[in-house]
Amino acid sequence: MRQLSAADTLVAAIRRPLDALDGAADEAANGRLGRAKLGLLVAANGLIEAFTAIDAEFARQYRTFTAGPDGLRPDRHGTDTDNVPQTQ
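Read on for an overview of the structure. (Residues numbered from 1 in each chain as written. Predicted model: local features only at pLDDT ≥ 70, side-chain atom pairs only at ≥ 80, totals over all residues. Heavy atoms only, no water.)

### Regarding the pattern of salt bridges
Opposite charge on two side chains permits them to pair, given that their charged atoms come into close proximity.
Reasoning step 1: In total, this model carries 2 salt bridges according to the counting rule given.
Reasoning step 2: Between Glu 57 and Arg 60 there is a salt bridge; the shortest N-O distance is 2.6 Å. Taken as a pair, Glu 57 and Arg 60 lie in helix H2 (residues 33-62) at a separation of 3 residues, close to a single helical turn.
Reasoning step 3: Looking at Glu 57, the relative accessible area reads 9%, which means it is buried. (Salt bridge = Lys/Arg side-chain N within 4 Å of Asp/Glu carboxyl O. Helix = DSSP H or I, 4+ residues; strand = E, 2+ residues; numbered from the N terminus. Buried < 20%, exposed > 50% of the residue type's maximum accessible area, 1.4 Å probe, protein only.)

Set out below in structure tokens:
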């Protein structure tokens with residue numbers, strides 16, 4: 001039951017910005033550019049919230065696959081960040 005509830009929550013989080021985009025398009029079609037811009041801002045914020053919700057659910061479901069405080073898993077040479085060239 002938890003899985004279905006989480007899926008429903010994620011679906012709703014993804015559909016909210018779609019609804020806002022649809023509303024923004026309607027406003028633009030009617031020449032209300034200020035309202036269209038506001039709708040786009042609401043949609044952008046909704047996308048960020050949807051990404052956050054997906055990340056949280058992913059972390060909840062797969063937390064056993066991450067290691068360390070920042071979720072990086074060490075490779076054979078150390079942590080993943082040790083293999084990134086340093087710039088000065």
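### Brief notes about the environment of Ile 48
Reasoning step 1: Mapped onto the elements of the fold, Ile 48 is located in helix H2.
Reasoning step 2: Its relative accessible area of 54% is what places Ile 48 among the exposed residues.
Reasoning step 3: Expressed as a C-alpha distance, the spacing of Ile 48 and Pro 17, which sit 31 residues apart in the sequence, is 9.3 Å.

### Here's the deal with the packing of aromatic side chains
Reasoning step 1: Applying the stated criterion across every chain, the model contains 1 aromatic pair.
Reasoning step 2: Look at Phe 58 and Tyr 62: their rings are 4.7 Å apart centre to centre, the planes differ by 45°, and that puts the pair in the tilted class. With a gap of 4 residues between them, Phe 58 and Tyr 62 both fall in helix H2, about one helical turn apart.
Reasoning step 3: For Phe 58, a relative accessible area of 53% puts it in the exposed group. (Phe/Tyr/Trp six-rings, centres within 6.5 Å; stacked < 30°, edge-to-face > 60°.)

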